[in-house]
Number of protein chains: 2
Amino acid sequence: MIAPKLLYRSGSQCFRRSRVPSIPCRSVAKTIFRRSYSLQTDDTSIKSLPGLDPSKLSVTKTITPKELVPSEELVFGRTFTDHMLSIEWTASEGWLAPRITPYQNLSLDPATCVFHYAFECFEGMKAYRTADGSIRLFRPNKNMERLNKSAARIALPTVDGKSFTSLIAQLVQLDSRFIPDSRGYSLYLRPTLIGTQRTLGVGPPGSALLYVIASPVGPYYPTGFKAISLEATDYAVRAWPGGVGDKKLGANYAPCIVPQLQAAKRGFHQNLWLFGEDEYVTEVGTMNLFVALRDKETGKPELVTAPLDGTILEGVTRDSVLALARERMVPKGWVVSERYIRMAELAQASQEGRILEVFGAGTAAVVSPIRKISWKGELVDCGLKKDVEAGEVALQMKSWIEGIQYGDEEHEWSVKIETIINHR
Amino acid sequence: MIAPKLLYRSGSQCFRRSRVPSIPCRSVAKTIFRRSYSLQTDDTSIKSLPGLDPSKLSVTKTITPKELVPSEELVFGRTFTDHMLSIEWTASEGWLAPRITPYQNLSLDPATCVFHYAFECFEGMKAYRTADGSIRLFRPNKNMERLNKSAARIALPTVDGKSFTSLIAQLVQLDSRFIPDSRGYSLYLRPTLIGTQRTLGVGPPGSALLYVIASPVGPYYPTGFKAISLEATDYAVRAWPGGVGDKKLGANYAPCIVPQLQAAKRGFHQNLWLFGEDEYVTEVGTMNLFVALRDKETGKPELVTAPLDGTILEGVTRDSVLALARERMVPKGWVVSERYIRMAELAQASQEGRILEVFGAGTAAVVSPIRKISWKGELVDCGLKKDVEAGEVALQMKSWIEGIQYGDEEHEWSVKIETIINHR
């Protein structure tokens, strides 16, 4: 049990923020009002604070450039580029001048609220080097939208997406030597927003730090697809209606590890989160899930994923798969559905040979084929033939999406960083 | 969408941890097995790693002792003592030698997993200076039990509670000059455990840091009780069966702020979390809730709090209130219940004049009387008379618990730090 900061008084000082001048106040209620009004995202006062200003960017280049890690030794999120982008925010000053500096440690007071109350959200996006030598981002506006939704849900400040994307593009440009030029390689970008207030009271952070680090990554499946197996988890719940499972908060990740380890212990690569008495198939925690199956009555093929009801992460790859399926598969007779699908329905379809394929979708692998799902002691076959590691839809989606990401197909989703920087 | 670390391969190196020698492996499954076995708390291999060893403590005293903040200016969790306790853990070496050092910033790589996936849990406890000059902790074993439950749920290492308590006692002893000797004052202790692995893969942290900081705090209500008002929240949900709402994880706090601000905007001090269609009264997020009411049929007084069903934080003060009520109130005709109570039942009892009082219970204030609860546009009166700020049960509980904490009453719950240090 900890003191709710908003209510804590001692003498006439009832509330202070780190980095922000203390505010003596007459009544607790008054302070609460002032604070809530200054932190709601639908509020006007916050708009008068300085926003993110890319023209104020300062760049300090490293004097000890790193050696490039050979492509074949790259491990996801393990090595980072020479530089990082950082932008501080305070409740009184808004967004301060952005800085690109050498990649370096953060020095934080042990009372900083990110360590105690998980004031943290992030994004995952990639920069791709294309055949014509240009570097592109994939749908960065989707990441910006989601970052702002995540931030607002935990009382962290929001940013102007276009300005932030232009700053990210400048970091990518500066560190572009780290992006290998082979297909499947990219620079994984990790925008991260943390609360930095140095007090233990539980309340909205009075200061925050938005930073971006970049990690060169190789293809998820270096030697071609490898279908994985999942264990359906019914003893723990990842997200719930009215919760925060649709936001990319740190809070959604740590609690997933033990069920993942339990699944691994029994020989499965990942766990699949079910929800509720009906055991709806939701997501994998690091990927959204797609099921391709034939309708029992009509025999028509259907591509299904869980609807965005607040319990499902709004994956950019999920959205891209849906959009491409609607554009390119529906004309060929497919039905594309965002609907609930029960684990029992999936198991029944499997028994009846109606499952065409199942795959995960996410930034890391684009698509990740699933061979089987363990559920109540049963192994649900997901339709892949024994000697095959991926189904047709997964292969087609990977080809379409990577074709756009690597510039084989000109598409509005793929934006050159030069364009972003020049049109900010 | 991010790459699940366990599955990530590049060449023959499929997984590495920071600070831990890299492990080349032949198959992903093998690695998963090895890792899960080495991190489950029910596993034997982890027990062979070095545990917490208080005899290895090194103490580096500050050369710039802080000036004491005048008692009347103390704000909860804002100023800290001269020193902090830190103990590092790695998956290969276990717990390293504990260190007491000057209070100082943590220097962490921006890729550290605590910033991204909320690998963090904490405790809140207090050290009290008693009339005889001794310093006491209150039920530290309960905090240790809960810390270990929290840690295990997010794949962080557990500790031997007795050893850790003895180290905390030594920190308190060293910084005892910060504990004011007036009644109501104490030293708030914040044990914090964070994952420190420096990679972005989502998996169990290969390294962690357990630290304790200490903040001198004044009485929660310096000029006597002040009853607060709550807003019942039905549009957001704090916790869910199968979730982690009963653990003291950072993840449970950041998502509570916006509903708290919404309540504050409408003039309420805190929000009260309801659960489910039946709108069960659960907790306040920083306090457990107790309702004293008369039975409609028998007229018998009953003290009710929500049961520990996985959605309620297992408050030490909650447990203490229940134990004292069973020992000292039941003989006087009270019924003490851990049961579900619907918001509608509470409202009806209020209308019928059967609510005796409602109060929150937590480490910060011990008890916090509630005057009214806003629910569906209705103000539910919680039984306090207009000119009164606390009910009899709340006053009695505060008196009993503080009596034990400050050593007026000798009780097994209150332990002198000398005893802890000498009997470790």
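Residues numbered from 1 in each chain as written. Chains lettered and ligands numbered in written order. Predicted model: local features only at pLDDT ≥ 70, side-chain atom pairs only at ≥ 80, totals over all residues. Heavy atoms only, no water.

## Structural notes on the overall build of chain A
Here is step 1: The helix and strand inventory of chain A stands at nine helices and 20 strands.
Here is step 2: Residues counted as buried form 65% of the 424 residues belonging to chain A.
Here is step 3: Restricting the contact set of chain A to residue pairs at least 6 apart, pairs at least 24 apart contribute 71%. (Helix = DSSP H or I, 4+ residues; strand = E, 2+ residues; numbered from the N terminus. Buried < 20%, exposed > 50% of the residue type's maximum accessible area, 1.4 Å probe, protein only. Contact = heavy atoms within 4.5 Å.)

## Thoughts on the interface of chain B and chain A
Here is step 1: Across the contact, 109 residues belong to chain B and 110 residues belong to chain A.
Here is step 2: Carbon and sulfur atoms make up 63% of the surface buried where chain B meets chain A, a total of about 9400 Å² over both sides.
Here is step 3: Inspection of the chain B/chain A interface yields zero salt bridges.
Here is step 4: Linking chain B with chain A are 30 residue pairs in polar contact (both at pLDDT 80 or more).
Here is step 5: Grouping the constituent residues of the side of chain B that touches chain A by class yields 63 nonpolar, 29 polar and 17 charged.
Here is step 6: Pairing of strand S5 (residues 106–108) of chain A with strand S5 (residues 106–108) of chain B involves three bridges; the strand directions are antiparallel. Each bridged residue has a counterpart across the sheet, and for Leu108 of chain A the counterpart in S5 of chain B is Leu106 of chain B. (Buried area = accessible area lost by both parts, 1.4 Å probe. Salt bridge = Lys/Arg side-chain N within 4 Å of Asp/Glu carboxyl O. Polar contact = N/O pair within 3.5 Å; in protein donor to acceptor, adjacent residues only side chain to side chain. Nonpolar A, V, L, I, M, F, W, Y, C, P; charged D, E, K, R; others polar. Pairing = 2+ DSSP bridges.)

## Looking at the packing of helix H3 (residues 140–153) of chain B against helix H4 (residues 161–174) of chain B
Residues and elements named next belong to chain B.
Here is step 1: Between H3 and H4, whose axes approach to 10 Å, the crossing angle comes to 120°. Classed by the angle they form, the pair H3 and H4 counts as oblique. Handedness of the crossing formed by H3 with H4: right-handed. Two secondary-structure elements touch here, H3 through Pro140, Met144 and Leu147 and H4 through Gly161, Phe164, Thr165 and Ile168.
Here is step 2: Here the contact of H3 with H4 is built from residues that sort into five nonpolar, two polar and no charged. (Axes fitted to C-alpha atoms, helices over the stretch in contact; angles between N-to-C directions. Parallel < 35°, antiparallel > 145°, perpendicular 65-115°, else oblique. Left-handed = near helix turned anticlockwise from the far one by under 90°.)

## Quick word on the relation of the copies chain B and chain A
Here is step 1: Taken as rigid bodies, chain B and chain A are interconverted by a rotation of 180° and an axial shift of 0.0 Å, the fit giving an RMSD of 0.0 Å. The superposition operator between the copies reduces to a two-fold rotation axis.
Here is step 2: A symmetric contact is evident, with 98% of the interface residues of chain B recurring at the interface of chain A. (Least-squares fit on C-alpha atoms with pLDDT ≥ 70 in both.)

## Re helix H5 (residues 257–265) of chain B
All names here are of chain B.
Here is step 1: A large share of H5 lies buried, amounting to nine of its nine residues.
Here is step 2: Among all positions in H5, only Ile257, Val258, Pro259, Gln260, Leu261, Gln262, Ala263, Ala264 and Lys265 are buried.
Here is step 3: The positive-phi residue at the C-terminal boundary of H5 is Gly267, with phi of around 95°.

## Description of the UniProt feature "modified residue: N6-(pyridoxal phosphate)lysine" (unreviewed entry) in chain A
Here is step 1: According to UniProt, the positions carrying the feature "modified residue: N6-(pyridoxal phosphate)lysine" (unreviewed entry) are Lys248 of chain A.
Here is step 2: Considering the arrangement of structural elements, one finds Lys248 of chain A in the loop between strand S11 (228–233) and helix H5 (257–265). (UniProt positions renumbered as here; feature names shortened; annotations may be inferred.)

## Some remarks on the domain arrangement of chain A
Residues and elements named next belong to chain A.
Here is step 1: When cut into domains, chain A gives domain 1 (51–219) and domain 2 (228–405).
Here is step 2: Listed by partner, the interface residues are 21 residues for domain 1 and 19 residues for domain 2.
Here is step 3: Summed over both sides, the interface between domain 1 and domain 2 buries roughly 1900 Å², with carbon and sulfur atoms accounting for 58% of that surface.
Here is step 4: Contact with domain 2 buries surface across domain 1, with Phe122, Phe138 and Arg146 losing the most and accounting together for 32% of the total.
Here is step 5: Connecting domain 1 to domain 2 are three salt bridges.
Here is step 6: The shortest N-O distance in the salt bridge between Lys149 and Glu314 comes to 2.8 Å.
Here is step 7: There are 10 residue pairs in polar contact (both at pLDDT 80 or more) connecting domain 1 and domain 2.
Here is step 8: In terms of residue count, the dominant contributor to the side of domain 1 that touches domain 2 is helix H3 (residues 140–153) (six residues).
Here is step 9: Its residues assigned to classes, the side of domain 1 that touches domain 2 comprises seven nonpolar, four polar and 10 charged. (Domains from an automatic or database assignment.)

## Details of empty space enclosed by the protein
Here is step 1: Overall, the coordinates contain 13 cavities of 30 Å³ or more when judged by the stated rule.
Here is step 2: The computed volume of the largest cavity comes to approximately 280 Å³.
Here is step 3: Lining the largest cavity are 23 residues, with Trp240, Val244 and Asn252 of chain A together with Ala251 and Asn252 of chain B sitting closest to its centre.
Here is step 4: Across the lining of the largest cavity, the residue classes tally to 14 nonpolar, five polar and four charged. (1 Å grid on protein atoms, 1.4 Å probe; cavity = no way out; pocket = protein on both sides within 12 Å on 5 of 7 lines; lining within 4 Å. Points joined across faces, edges and corners; volume = space filled by probe spheres on them.)

## Points about the pairing of strand S13 (residues 280–283) of chain A
All names here are of chain A.
Here is step 1: Pairing of strand S12 (residues 270–275) with S13 involves three bridges; the strand directions are antiparallel. When the bridges of S13 are listed, Phe275 appears paired with Tyr280.
Here is step 2: Counted along the chain from S12 to the antiparallel partner S13, the turn is four residues long, and its residue Gly276 has a positive phi close to 80°.

## Examining helix H8 (residues 392–405) of chain B
Residue and element names in this part refer to chain B.
Here is step 1: Compared with an ideal rise of 1.5 Å per residue, which puts 14 residues at 20 Å, H8 spans 20 Å between its outermost C-alpha atoms and is within 8% of the ideal.
Here is step 2: Taken as a whole, H8 has its buried residues at Val393, Ala394, Met397, Trp400, Ile401, Glu402, Gly403, Ile404 and Gln405.
Here is step 3: One or two steps after H8, the chain reaches Gly407, where phi turns positive at roughly 75°. (Expected span 1.5 Å × (residues − 1).)

## A look at the pairing of strand S17 (residues 355–362) of chain A
Residues and elements named next belong to chain A.
Here is step 1: Of all eight residues making up S17, seven are buried, and the element is well covered by its neighbours.
Here is step 2: Looking at chain direction, strand S14 (residues 288–294) and S17 are connected through six bridges and run antiparallel. Across the sheet, the residue bridging to Leu293 is Ile355, located in S17.
Here is step 3: The pairing of S17 with strand S18 (residues 366–375) spans five bridges and is antiparallel. The residue bridging Ala361 from the neighbouring strand is Val367, located in S18.
Here is step 4: Between the end of S17 and the start of S18, which pair antiparallel, lie three residues.

## Quick word on the pattern of salt bridges
Here is step 1: Evaluated as defined, the whole model comprises 46 salt bridges over all chains.
Here is step 2: With a shortest N-O distance of 3.4 Å, Glu389 of chain A and Arg371 of chain A are connected by a salt bridge. Placement of Glu389 of chain A in the loop between strand S19 (378–381) and helix H8 (392–405) and of Arg371 of chain A in strand S18 is noted, with a sequence separation of 18 residues between them.
Here is step 3: Judged by relative accessible area, Arg371 of chain A falls into the buried class, the value being 17%.
Here is step 4: When the shortest N-O distance is used, the salt bridge between Arg238 of chain B and Glu283 of chain B registers 3.2 Å. You can see Arg238 of chain B sitting in the loop between strand S11 (228–233) and H5 and its partner Glu283 of chain B sitting in strand S13 (residues 280–283), a full 45 residues away along the chain.

## Brief notes about unusual backbone geometry
Residue and element names in this part refer to chain A.
Here is step 1: If you check the backbone angles, Ala118 has positive phi at about 55° while not being a glycine.
Here is step 2: Residue placement: Ala118 occurs in the loop between helix H2 (113–117) and strand S6 (120–122).
Here is step 3: According to the relative accessible area criterion, Ala118 is buried, its value standing at 1%.
Here is step 4: You will see that Val366, though not glycine, has its phi angle at about 65°, which is positive.
Here is step 5: The topology assignment puts Val366 in strand S18.

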